[in-house]
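What follows is each chain in one-letter form.
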Amino acid sequence: MASLISKIRFGRGLVLLVCGVYFAVPMAASVIFSIDDSKGGTTFRAYTDLLNAPGFMDSLTLSLELAGVTVAVLLLLLVPALLAARLGAPKLRPVIEVICSLPLVVPVVALTTGIVGVLRWGPDYLSDTPLFQTIVAIQDPSFPIVLVIAYVLMALPFAYRALDAGLRGVDVVTLVEAARNCGAGWARAVFTVVLPNLRSALLNAAVLTVALVLGEFTTASILGFAPFSVWISSNGKSDGQMSVAVSILSLLIVWVVLLLMSAVGRGRKSARS
Amino acid sequence: MSTVTAPASGASVVTGGATVEFRSLRRRFGATTALDGLDLTVRPGELLALLGPSGCGKTTALRILAGFETHDSGEVLVDGEDITRIPAHKRDAGMVFQSYSLFPHLTALDNVAFGMRMRGTSKTERRNRAQELLELVGLPQRAGHYPHQMSGGQQQRVALARALALKPRVLLLDEPLSALDAKVRLSLREEIRRLQQELGITTLFVTHDQEEALSMADRVAVLRAGRLEQCSTPSELYARPATAFVAEFVGTMSRIPGERSGDGVEVLGRRHEVDGELPADGALDVLVRPENVGLVPTANGRALVVSASFLGSVTRLTVRLADGTEIKSDLPTEAAAALPVGSTAEVTLPERPVLVDRRVATA
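Every value quoted in this text rests on a predicted model; they were computed, and no experiment measured them.

The tally for this structure, following the rule as stated, stands at 32 salt bridges over all chains. R23(B) is the salt-bridge partner of E75(B), the closest N and O atoms lying 3.6 Å from each other. Within this pair, whereas E75(B) is found in strand β6 (residues 73–78), its partner R23(B) is found in strand β3 (residues 20–29), the two being separated by 52 residues in sequence. On the accessibility criterion, R23(B) (38% relative accessible area) is partly exposed. As a salt-bridge pair, R185(B) and E212(B) come within 3.0 Å of each other at their nearest N and O atoms. Linking R185(B) in helix α5 (residues 182–199) with E212(B) in helix α6 (residues 210–216), this pair joins segments that are 27 residues apart in sequence. We note that R185(B), like E212(B), is buried. Here the salt bridges share partners, and the residues they tie into one network are E177(A), R27(B), R63(B), E69(B) and D72(B).

Residues and elements named next belong to chain B. Strands sit in the order β8-β9-β10-β5-β11-β12 across an open sheet of six strands; the sheet is mixed. With one partner strand each, in any of the chains shown, β8 (93–96) and β12 (227–232) form the two edges of the open sheet. Taking each pair of neighbouring strands and ignoring which way they run, the sheet shows an average axis angle of 20 degrees. With five bridges joining them, strand β5 (residues 47–51) and strand β10 (residues 202–207) adopt parallel strand pairing. Each residue of the ladder has a partner; that of L51, found in β10, is T207. With respect to the sheet, helix α4 (residues 152–165) is in contact with β8 and β9 (170–174), its orientation differing from that of β8 by roughly 175 degrees.

With that out of the way, let us pick up the sheet that holds strand β16 (residues 284–288) of chain B. Residue and element names in this part refer to chain B. One open sheet holds the five strands; their spatial order is β15-β14-β13-β16-β22, and the pairing between them is antiparallel. Taken across any chain shown, the strands that pair with only one partner, and hence form the sheet edges, are β15 (270–272) and β22 (355–358). Shown here is a sheet whose adjacent strand axes are inclined to one another by a mean of 45 degrees, direction ignored. Where strand β13 (residues 254–261) lies against β16, five bridges are found, and the strand directions are antiparallel. The residue of β16 that forms the bridge with I256 is V286.

As for its position among the elements, Q155(B) is in helix α4. Discounting residues that sit within four places of it in the chain, Q155(B) has contacts with Y100(B), L102(B), P147(B) and M150(B).

Turning to the packing of helix α2 (residues 108–118) of chain B against α4(B), a few remarks are in order. All names here are of chain B. Two elements in contact, α2 and α4, have axes separated by 8 Å at closest approach and are oriented at 20 degrees. The orientation of α2 relative to α4 falls into the category roughly parallel. Crossing hand, α2 versus α4: right-handed. When α2 is examined against α4, the residues A108, N111, V112 and M116 are found in contact with a partner set consisting of V158, A161, R162 and A165. For the contact of α2 with α4, the per-class residue count stands at six nonpolar, one polar and one charged.

Residue and element names in this part refer to chain A. Together, V98, L102, L104, V105, V106, F158 and L208 line one region of the surface with nonpolar side chains, adding up to about 630 Å² of accessible area. For the nonpolar patch, the element with the highest residue contribution is helix α4 (residues 93–105), accounting for four residues. For V105, the position within the fold is in helix α4.

Attention shifts here to the domain arrangement of chain A. All names here are of chain A. Taken domain by domain, chain A consists of domain 1 (1–43) and domain 2 (55–272). Distance from the C-alpha centre of domain 1 to the C-alpha centre of domain 2: 32 Å. Each partner contributes to the interface: domain 1 provides seven residues, whereas domain 2 provides seven residues. Interface of domain 1 and domain 2: buried area, both sides summed, is about 520 Å²; carbon and sulfur atoms make up 78% of it.

Using the criterion set out here, one finds eight aromatic pairs over all chains in the structure. Ring centres of F245(B) and F249(B) lie 5.6 Å apart, and the angle between their planes is 10 degrees; this geometry places the pair in the stacked category. Pair noted here: F245(B) and F249(B) are both in helix α8 (residues 244–249), with a separation of four residues, about one helical turn. Taking relative accessible area as the criterion, F249(B) reaches 19% and is therefore assigned buried. Members of the aromatic cluster, each reached through a chain of ring pairs, are F56(A), F228(A) and W231(A). The ring of F103(B) carries the charged tip of R162(B) above its face, separated from the ring centre by 4.5 Å. Above the face of the Y238(B) ring, R289(B) is positioned so that its terminal group lies 3.9 Å from the ring centre.

Turning our eyes to something else, we now look at the interface of chain A and chain B. Residue-level contacts link 19 residues of chain A with 21 residues of chain B. Of the roughly 1,900 Å² buried where chain A meets chain B, counting both sides, 58% is carbon and sulfur surface. Together, E177(A), N181(A) and C182(A) form the three largest contributors to the area buried by chain A at its contact with chain B, with a combined 32%. For the interface between chain A and chain B, the tally reads one salt bridge. Two residues, R63(B) and E177(A), come together in a salt bridge whose shortest N-O distance is 2.5 Å. Listed by contribution, the elements that provide at least two residues to the side of chain A that touches chain B are α8 (172–181) and α9 (186–197) of chain A.

With that settled, the discussion passes to the pairing of β3(B). All names here are of chain B. Inspection of the sheet shows β3 paired to strand β4 (residues 32–42) by eight bridges, in the antiparallel sense. Bridged to V20 within β4 is V42. If you look at the hairpin formed by β3 and β4, you'll find two residues sitting between the two strands, and G30 has a positive phi there, around 60 degrees.

Residue and element names in this part refer to chain B. Domains assigned within chain B are domain 1 (2–244) and domain 2 (253–358). Taking only C-alpha atoms, the centre of domain 1 and the centre of domain 2 are 39 Å apart. If you look at the interface, domain 1 gives six residues, while domain 2 gives seven residues. Buried area between domain 1 and domain 2, both sides added, is near 480 Å², and the carbon and sulfur share of it is 57%. When the area that domain 1 buries against domain 2 is broken down by residue, the three leading residues are Y238, P241 and A244, summing to 86%.

Glancing now at the nonpolar core. With 112 residues, the main nonpolar core has L78(A), F22(B), L50(B), L65(B), F114(B) and L172(B) as its most contacted residues. With 14 residues, the top contributor of residues to this core is helix α7 (residues 145–168) of chain A. Aside from chain neighbours lying at most four places away, what touches F114(B) is A179(A), C182(A), A184(A), T192(A), V193(A), F103(B) and L106(B).

Conventions we followed
- Residues numbered from 1 in each chain as written.
- Chains lettered and ligands numbered in written order.
- Predicted model: local features only at pLDDT ≥ 70, side-chain atom pairs only at ≥ 80, totals over all residues.
- Heavy atoms only, no water.
- Salt bridge = Lys/Arg side-chain N within 4 Å of Asp/Glu carboxyl O.
- Helix = DSSP H or I, 4+ residues; strand = E, 2+ residues; numbered from the N terminus.
- Buried < 20%, exposed > 50% of the residue type's maximum accessible area, 1.4 Å probe, protein only.
- Pairing = 2+ DSSP bridges.
- Axes fitted to C-alpha atoms, helices over the stretch in contact; angles between N-to-C directions.
- Contact = heavy atoms within 4.5 Å.
- Parallel < 35°, antiparallel > 145°, perpendicular 65-115°, else oblique.
- Left-handed = near helix turned anticlockwise from the far one by under 90°.
- Nonpolar A, V, L, I, M, F, W, Y, C, P; charged D, E, K, R; others polar.
- Patch = residues over 30% accessible without salt bridge, like charges linked within 9 Å, V, L, I, M, F, W, Y side chains within 5 Å.
- Areas by Shrake-Rupley, 256 points an atom, 1.4 Å probe, with all protein chains shown as cover.
- Domains from an automatic or database assignment.
- Buried area = accessible area lost by both parts, 1.4 Å probe.
- Phe/Tyr/Trp six-rings, centres within 6.5 Å; stacked < 30°, edge-to-face > 60°.
- Lys NZ or Arg CZ within 6 Å of the ring centre and 35° of its normal.
- Core = buried A, V, L, I, M, F, W, Y, C linked by side-chain atoms within 4.5 Å.

Written as structure tokens, this is what we have:
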């Protein structure tokens, strides 16, 4: 028995080691390359050039704003729908699951092509109508709402899985009934009892969505907007060292944002306990 | 209603108890009838157990009273007021659920204080009162603990304190002990009964465990297929069941084929008097409790001992007659030692059987 356990531990360690090497070696090589000075020694020129490049802050800010709004829209859509299904219509749960999983089977390029087709639709004589003006407004380059719509669709399966897993761990029906029995109306029961117990699931859904939005390139590029991913692509082509620096920097930014979100979630939890 | 102070802790809880009435209550779920015209009155300050097999409608009745379920027709009155149109959060009924229902993100103290927080009670007042209630249920030292840091029994005690925190007119207990182990279950049911008597709060207790119902309740209402079969004190229910269903559901009962003999019944060659009337027609069974059946060790007797179950001070013997009828008999363990499995005996029955019923065909 003891030898079996030690074999399992060894196997586990080996798998971790292989994975670690698989990820760490290219990363380390990239970092070394990005700070290697051809005249000898190290230099951070690629990074300083990158940070001072025009459009860096604008594109990063736009990406963060898009991520924030996408998370808000997604949670506002999904959380009430999933709660309503659990509390009032459990038979609808498989239907919701299928709907939320549909974006997984639609390639991003196909989705984007569809969006382009919709945005181009409309003869000139409709230009004064609210519909036409709405279509124009959602393409405002300073904050392209159309990207939020696309990102919500793309993130739907991941956010759904995260929230569904959280809901499976909580007896929502009993908690809501107990809260109502204690004098809380429907809304207060949800806000004071259910949502605090879904904190981890909400955070997971948000983290996945933010990761997806910060890294999404295809849709933004085809639609002609310049969030951070598109900016990285266009600014990393001029110089080999800078292109690697761009990759590392984008990874770091995504990690920092995700770590901050996790830290905020954990911080609130530990402060409570 | 009046307010008293519970002597153990000083926590004031509204008592005096409300009257609860179910009138012709009906509820269907698709093709299933959960309640089929339930009529039942719970007296002020009493603990009434709703007892019955799964699907008999007992939980549905409780949930309709709590406001978590709607009804198709009928009325639910609390102190004469029809409460069926009042939303659940305004019903003034504290409930303890079957599954652990404490809010996982709140401490025991905050769980108990939750209802007061919803009502806008000041922080100091609700903390003081929550602390008093935790003392009342014997958990003052657990105030700062989260549900996952407490045992099942402790969680249900906190849930009880939470249910009492809003000084409800009615206390509803939906199988609160079913998830607990036997020992905790026993101590908690005594605790619930003590508190209920101390506070004098009208309490409805749903259970499918007859022992729990008989040991805790002032009266027990036995439900079957959405209808009330009998509502009596535990002793009356046990000794004088109104129907064969009640007789067999509450306690253990043996069915023995009998023959009509005037207005009595002849069983095992002896005539017995019967309380009440015999079924109008058809073959008869008499129903007797194991403690009323005697066995006399007899060589070549009519009854063969086929099994023995040690129950402590008594041992339950099962004997089989020549026609295949099985009869259970509780004998003092010492006396039962004289009747090992495989031995034979003569059966003696009480003067009056518990009930006489139409014969049930056996396989």
